[in-house]
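# A structural walkthrough
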Amino acid sequence: MSTDVATRYEAVIGLEVHVELNTATKMFCSCAIDFGGEPNVRTCPVCLGMPGSLPVVNREAVAAAITLGLALGCAIAPSSQFHRKNYFYPDMPKDYQISQYDVPICLGGSLTVATAEGERRIGITRVHMEEDTGKSLHVGTSGRIHGADYSLVDYNRAGIPLLEVVSEPDVRTAEEARAYLTELRAIVLALGISDARLEEGSMRCDANVSLRPVGREAFGTRVEVKNMNSVRSLGRAIEYEIARQADLLDSGEAVVQETRHWNEDAGTTSTLRAKEEAFDYRYFPDPDLLEVAPAPAWVDEIRARLPELPAAARERLAGLGLPPERAATVVAAGLAAKLDEAVAAGAAAPEAANWLANEITGWCAERGADPSAAPIGGADLAELTGLVADGTLSTKLAREVLLAVLDGEGSPRAVVAERGLEQISDTGELERIVDAVIAEQADAAQRVRDGNDKAIGALVGAVMKATQGKANPALVNDLLRARLHA
Amino acid sequence: MALSTDDVRHVAKLARLALSDDEVEGLRSQLSDILAYAEQVSAAATGDVPPTSHAYPLANVFREDVPRPSLSPQEAISTAPEAEDGRFRVPKIVGAE
Amino acid sequence: MSELAGRSAAELAALLAGGEVSAREVTQAHLGRIRATDERVGAFLRVLDADALAHADDIDRRRAAGEALGPLAGVPLALKDILCTKGVETTCASKILETFRPPYDATVVRRLRDADVVVLGKTNMDEFAMGSSTENSAFQRTANPWDLGRVPGGSSGGSSAAVAAFQAPLAIGTDTGGSIRQPAAFCGVVGVKPTYGLVSRYGLIAFASSLDQVGPFARTVTDAALLLGAIAGHDPLDSTSIPEAAPDVVGGLERGVEGLRVGVVREFMAEGMDPGVRARVDEALSRLEKLGATLVDVSLPNAGYGIAAYYLIAPSEASSNLSRYDGVRYGLRVPGETTEEMMARTRDAGFGPEVKRRIMIGTYALSAGYYDAYYAQAQRVRTLIIRDFDQAYAQCDVLVGPTTPSTAFGFGDKTDDPLAMYLNDVYTVPSNLAGAPAMSLPVGLDEQGLPVGLQIMAPILGEAVMLRAARALEADLAFDPAPRGTNALEGVQA
């Protein structure tokens with residue numbers, strides 16, 4: 001938000017995130033979930049909404065809901081119900097969605113996010129279970145729904161379990177929204193219940209945005225924004241929407257309550273529904289499904305099995321000596337476990353963390369791979385940091401070795417041996433090279449003697465070049481200074 | 001409860017029924033009569049009585065997360081009024097979600 | 001051979017097991033009876049001659065090979081066209097499903113096949129089970145074999161008429177507000193609505209999910225019990241299916257009613273019944289007493305709200321259950337420029353007036369602002385009715401009363417006034433609301449020679465005591481189920 005707008009209006013933002021679960025089967029039928037197949041190959045009478053079909057709840061989906069609820073600090077409802085949300089749409093096999101309404105499985109929780117202004121606690125209203133819809137292909141000139149000639153529907157996705165996480169309208173800025181979505185995603189990944197890919201739609205985020213004059217308690221008119229497919233999009237969309245609403249309010253116009261669509265290319269939101277037809281979903285308890293009343297023992301068992309969550313991991317890693325930002329990056333990339341392995345194998349945490357956060361994450365990003373699946377074990381990482389620590393490798397060479405290890409050439413030691421990369425720390429040999437360089441680069445040498453310390457860079461560079469990068473740079477520096485200031 | 005023509009049209013829209021004007025008028029009076037009768041439920045002494053969704057009290061009816069064979073795509077599509085490329089074909093959709 | 005069509009299921013089963021007659025002969029006899037009579041009765045929407053004979057032949061072959069077969073193997077049955085039969089049209093007597101061929105079988109259908117019951121065909125019904133006369137079928141009229149100018153009742157009119165006409169000894173129907181019991185009463189046959197959840201609903205095309213139940217029609221209590229035994233039991237594909245093992249409904253049938261406490265429902269015995277119905281019901285109660293039962297006066301104070309509650313709950317659930325008929329995935333499609341238009345036109349063309357009425361009522365009752373006053377309030381009334389039953393059963397073992405206020409009416413008598421049609425169900429809906437078992441037993445004829453049904457109700461999972469009481473009364477009454485009267489269908493030729 002521009003500071004000008006921020007002095008006059010407060011943005012009130014609530015986020016609704018849908019998480020597609022990675023259970024083996026759908027929410028209410030035993031069709032397998034696999035992606036990328038031919039259309040309508042993973043369907044049955046139930047998920048096609050055929051006459052006479054009936055839903056049966058997937059136990060694993062309930063477990064995932066409880067797991068996420070506990071991780072978010074929610075209370076698990078002793079009794080919750082499935083409701084039918086009735087509306088007509090061709091990708092809805094029954095023309096109603098089985099969801100949860102006023103008695104969801106998880107209530108009340110929170111998520112704490114770090115922003116530039118410090119930590120903020122974002123309340124979570126609820127987490128509930130529902131089923132996903134099918135997918136429509138719009139056939140026409142643009143491939144978009146507007147202006148399509150007809151549509152083709154594939155029900156492979158229909159019935160896949162979804163968890164909907166609804167936040168309190170506690171988010172105030174685009175930054176907070178991004179932080180919230182990032183953290184929620186990290187938690188979901190840590191729990192292993194979804195692959196949470198925003199671009200692919202296994203995690204989806206909608207935002208409800210309204211403005212109110214600073215100091216007023218009553219909420220302004222809220223606009224729902226959809227179609228943000230990345231954390232960055234979410235931030236941009238919110239910023240755009242805040243500015244748009246501020247403009248309207250400034251010119252005395254009212255904000256229309258509606259749903260808007262974020263256009264990534266144009267960087268704008270546009271009206272999705274011409275008139276806000278307040279959908280009358282006619283919710284009522286689904287008579288085909290019974291109450292979900294998880295036994296306390298089951299909830300306890302799930303609680304006991306919760307893995308270390310990102311917040312706890314960040315704290316723990318900071319305790320190992322990592323700066324908080326570094327700890328956050330490692331955890332966000334899903335690399336905490338690898339760091340733990342490396343530390344267990346003798347690595348110094350900060351050094352190992354640096355490699356993980358920088359080169360290793362970068363290497364994975366280039367290949368579109370998940371950092372947590374980087375092909376380097378903790379032991380190898382420890383070996384690498386050890387080789388740097390004991391002077392065998394310069395940082396620059398260590399980088400080269402790391403890439404070789406990631407490419408599968410073997411352990412760090414093996415690569416070093418294979419390529420003959422041991423750092424030259426033999427003072428005697430280096431002294432000869434240093435003397436040779438000083439002689440060659442007489443001008444630069446003189447500048448250093450005269451007090452221009454920066455000129456030493458060229459000399460260091462020349463020594464490194466002469467040694468094919470294998471000289472220990474710190475030692476080279478010391479030797480040059482010793483020679484030049486003698 | 002006397003329903004107006006607008007009420008009937010609104011409900012018909014919610015229910016996706018394209019009623020003719022005659023149908024609307026006929027339904028208006030019939031629905032009004034039926035609902036007037038059904039309103040008797042408000043005279044029942046329900047007090048704090050909880051609503052019953054299921055007469056037989058079952059809870060936690062679950063299924064194990066084990067895949068079973070799906071229909072073949074041919075079977076899945078076999079009932080489609082119109083199909084194309086293995087998908088169900090529908091006319092253009094206006095009311096976008 | 002045609003005389004085989006005059007036999008009960010139990011008798012046929014014995015003949016088949018004893019090798020005295022083949023499944024093919026039994027099937028042919030009944031197909032013959034259908035051919036000779038169904039033009040006038042109209043019970044069947046579709047006769048599955050070839051399939052039935054093929055199944056019969058297979059049964060004969062396996063029996064000859066020494067395979068052990070179930071107790072009902074080779075016995076024919078008529079199936080209400082509301083249960084999905086794989087590859088065979090299942091229409092719910094609606095234009096919107098006229099060409100629908102399900103790619104799967106209902107669990108009940110699978111169990112019948114596994115029991116080697118021979119399905120003769122799919123029977124007529126009120127569209128989507130909404131009606132009390134079978135006049136709401138989109139395809140044809142079914143006549144009451146006792147008087148071909150009168151309705152067989154509904155919504156399971158086809159199944160009831162088929163059994164009454166001796167076209168099949170057994171039939172399957174469904175009961176949501178009385179749709180097995182009322183046609184059973186009108187047609188002078190036995191009809192049973194089991195405990196909700198006792199028989200699987202998987203593959204049963206839904207009308208009102210919390211009320212629908214599949215149940216048997218037969219001409220004798222024993223036959224009905226045998227059929228119920230074959231289809232009852234837990235189904236993991238139906239979440240509302242009762243997990244416990246089904247009660248044994250056949251074992252104790254002959255135990256009689258000595259010492260049984262029979263509750264007479266005060267509110268059902270008050271005015272509203274036709275005199276002919278009243279007379280037969282009173283006689284039946286006297287017989288029960290003579291047989292050793294004790295009659296107890298009980299009250300179901302909130303039963304009077306039953307119809308009102310039912311006609312809010314059932315249409316509400318139906319309005320949602322019938323949303324899926326949108327022309328996208330199966331059934332009728334009427335073209336439209338847009339999907340919205342296509343859906344609306346399809347539904348308007350595909351649904352009959354009664355179905356539209358109920359969808360509209362249900363949509364309204366669930367809509368914003370009305371939910372609490374209508375749907376939620378009706379569910380509270382339901383709780384009151386359940387409590388009434390609980391209190392009544394503290395004083396007695398079964399409850400009795402008339403099944404219907406009148407005997408079979410003429411075609412067109414009640415079609416002008418939907419509410420008048422709904423009031424047929426006044427005695428039957430409370431059991432559906434409570435999820436408790438109930439049945440109709442023919443107890444005689446009224447002054448017009450039309451069958452009168454006695455309703456017997458029992459607590460949840462009380463099928464055994466209910467059927468036992470019915471059996472004792474049936475034995476004492478010796479009611480002849482063969483239709484007779486000036487306008488009745490002719491009997492089976494010996």
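This one's a predicted model, so the numbers in the text were calculated from it and none came from an experiment.

### Things to note about the overall build of chain A
Looking only at helices and strands, chain A features 16 helices and 15 strands. Seen through its principal axes, chain A has C-alpha atoms that stretch 90 × 55 × 50 Å. Of all 486 residues assigned to chain A, the portion counted as buried reaches 48%. Across chain A, contacts joining residues at least 24 apart in sequence account for 68% of those joining residues at least 6 apart.

### Considering the overall build of chain B
When its secondary structure is counted, chain B shows three helices and three strands. In sequence order, the secondary structure elements of chain B are arranged as α-α-β-α-β-β. The globule rule puts the C-alpha radius of gyration for 97 residues at 13 Å, and the 22 Å found for chain B is more than 25% above it. Judged by the C-alpha coordinates and their principal axes, chain B covers about 50 × 45 × 25 Å. Taking all 97 residues of chain B together, the buried fraction comes to 34%.

### Things to note about the pairing of strand β5 (residues 190–193) of chain C
Residues and elements named next belong to chain C. Side chains Val-190 and Val-192 project from β5 onto one buried face, and the interleaved Gly-191 and Lys-193 project onto a second face that is buried too. Looking at chain direction, β5 and strand β6 (residues 213–218) are connected through two bridges and run antiparallel. If you follow Gly-191 over to β6, its bridge partner there is Phe-217. Looking at chain direction, β5 and strand β10 (residues 438–445) are connected through three bridges and run antiparallel. Counted as the bridge partner of Gly-191 is Ser-440 from β10.

### Describing the interface of chain B and chain A
Where the parts come together, the accessible area they lose is often given as the size of the interface. With 32 residues of chain B in contact, the opposing surface of chain A contributes 42 residues. Mapped onto the side of chain B that touches chain A, the elements with two or more residues apiece are β1 (62–63), α3 (73–77) and β3 (87–91) of chain B. Ranked by residues supplied to the side of chain B that touches chain A, first place goes to β3(B) with five residues. Looking at the side of chain B that touches chain A, its residues break down into 16 nonpolar, five polar and 11 charged. Both strand β2 (residues 57–58) of chain A and β1(B) contribute to a ladder of two bridges, which runs parallel. Pairing of Val57(A) across the sheet is with Phe62(B), part of β1(B).

### Structural notes on the interface of chain B and chain C
Across the contact, 45 residues belong to chain B and 59 residues belong to chain C. When residues of the side of chain B that touches chain C are traced back to their parent elements, those giving at least two are α1 (5–14), α2 (21–38) and β3 of chain B. When residues in the side of chain B that touches chain C are grouped by element, the largest group, eight residues, is from α2(B).

### Re unusual backbone geometry
That bond from Gly154(C) to Ser155(C) is cis: its omega, 10 degrees, falls within 30 degrees of zero. Structurally, Ser155(C) can be placed in the loop between β3 (118–123) and α5 (157–164). Residue Asp85(B) is not a glycine yet carries a positive backbone phi of 50 degrees. By secondary structure assignment, the location of Asp85(B) is in the loop between β2 (83–84) and β3.

### So, the domain arrangement of chain A
Split by domain assignment, chain A resolves into domain 1 (3–298), domain 2 (316–419) and domain 3 (427–484). Computed from C-alpha coordinates alone, the two centres of domain 1 of chain A and domain 3 of chain A are separated by 61 Å.

### Notes on the packing of helix α10 (residues 378–389) of chain A against helix α12 (residues 412–419) of chain A
Residue and element names in this part refer to chain A. One can describe the packing of α10 onto α12 by two numbers: an axis separation of 8 Å at closest approach and a directional angle of 50 degrees. Looking at the two axes, α10 sits oblique to α12. Counting all contacts with α10, which are made through Asp-380, Glu-383, Leu-384 and Leu-387, the residues of α12 involved are Pro-412, Arg-413 and Val-416. Residue composition of the contact of α10 with α12, grouped by class: four nonpolar, no polar and three charged.

### Concerning the packing of helix α2 (residues 23–41) of chain C against helix α3 (residues 49–64) of chain C
Residue and element names in this part refer to chain C. Interaxial distance between α2 and α3 falls to 8 Å at its minimum, and their mutual angle equals 160 degrees. Here α2 lies roughly antiparallel to α3, going by the angle between them. Residues Ala-23, Arg-24, Thr-27 and Leu-31 of α2 touch α3, and the partners they reach there are Asp-49, Ala-52, Leu-53, Ala-56, Asp-57, Ile-59 and Asp-60. Its residues placed into classes, the contact of α2 with α3 shows six nonpolar, one polar and four charged.

### Re the sheet that holds β2(B)
The four strands are arranged β8(A)-β9(A)-β3(B)-β2(B) in an open sheet whose pairing can be described as antiparallel. Two strands bound the open sheet, and with one partner strand each, they are β8 (135–140) of chain A together with β2 of chain B.

### Notes on helix α9 (residues 275–290) of chain C
Residues and elements named next belong to chain C. Look at α9: 23 Å from first C-alpha to last across 16 residues, which is about the 22 Å you get at 1.5 Å a residue. Taken together, the buried positions of α9 are occupied by Val-277, Arg-280, Val-281, Ala-284, Leu-285 and Leu-288. Angularly, the buried residues of α9 cover 140 degrees about the axis, an arc narrow enough to put them on a single face. Projecting away from the buried face of α9 at angles above 90 degrees are the exposed residues Pro-275, Ser-286 and Lys-290. For α9, the secondary structure elements touched by its buried residues are β7 (261–265), β8 (294–298), β9 (398–402), β10, β11 (451–457) and α16 (463–477). Backbone geometry just downstream of α9 places Gly-292 in the positive-phi region, at approximately 115 degrees.

### Focus on the sheet that holds strand β11 (residues 203–213) of chain A
Residue and element names in this part refer to chain A. Reading across the sheet, the nine strands line up as β3-β6-β7-β10-β1-β11-β12-β13-β14 and stay open at both edges, with mixed pairing between neighbours. The open sheet terminates on both sides in strands that have one partner only, identified here as β3 (75–76) and β14 (268–271). Pairing of strand β7 (residues 118–131) with strand β10 (residues 161–167), which is carried by seven bridges, proceeds in the antiparallel orientation. What sits directly across from Glu-131, in β10, is Pro-161. Strands in contact with helix α2 (residues 59–71) are β3, β6 (106–115), β7 and β10; relative to β7, the strand with the most contacts, it is inclined by about 165 degrees. Lying over the sheet, helix α3 (residues 174–191) contacts β1 (9–20), β6, β7, β10 and β11, oriented at roughly 115 degrees with respect to β6.

### Details of α3(A)
Residues and elements named next belong to chain A. With 18 residues, α3 extends 26 Å from end C-alpha to end C-alpha; this agrees with the ideal 26 Å at 1.5 Å per step. Most of α3 sits inside the fold, with 15 of its 18 residues counted as buried. Two residues or fewer past α3, Gly-192 is found with a positive phi of approximately 70 degrees.

### Some words on the pairing of β3(C)
All names here are of chain C. Burial of β3 is extensive: six of the six residues sit out of reach of the surface. Relative to β3, strand β1 (residues 44–47) is paired through three bridges, and the arrangement is antiparallel. Directly across from Val-47, in β3, lies its bridge partner Gly-121. In this sheet, β3 lies alongside strand β2 (residues 76–80) in parallel orientation, the contact comprising five bridges. Residue pairing across strands places Ala-78 opposite Gly-121, the latter belonging to β3.

### Observations concerning the nonpolar core
In terms of nonpolar packing, the biggest core is built from 328 residues, with Leu77(C) and Val398(C) touching the most fellow members. Examining the composition of this core, we find that 11 residues originate from one element, α3(A), more than from any other. Ignoring anything within four residues of it in the chain, the contact list for Val398(C) reads Leu260(C), Val262(C), Gly263(C), Ile456(C), Met457(C), Ala458(C), Val465(C), Met466(C) and Ala469(C). Val434(A), Ala471(A), Leu475(A) and Leu484(A) belong to the second largest nonpolar core, which has 17 residues in total.

Parameters and conventions
- Residues numbered from 1 in each chain as written.
- Chains lettered and ligands numbered in written order.
- Predicted model: local features only at pLDDT ≥ 70, side-chain atom pairs only at ≥ 80, totals over all residues.
- Helix = DSSP H or I, 4+ residues; strand = E, 2+ residues; numbered from the N terminus.
- Buried ≥ 20, exposed ≤ 12 C-beta atoms within 10 Å, placed from the backbone.
- Contact = placed C-beta atoms within 7 Å.
- Rg over C-alpha atoms; globule rule 2.2 N^0.38 Å.
- Pairing = 2+ DSSP bridges.
- Nonpolar A, V, L, I, M, F, W, Y, C, P; charged D, E, K, R; others polar.
- Domains from an automatic or database assignment.
- Axes fitted to C-alpha atoms, helices over the stretch in contact; angles between N-to-C directions.
- Parallel < 35°, antiparallel > 145°, perpendicular 65-115°, else oblique.
- Expected span 1.5 Å × (residues − 1).
- Arc of directions from axis to C-beta.
- Core = buried A, V, L, I, M, F, W, Y, C linked by C-beta atoms within 7 Å.

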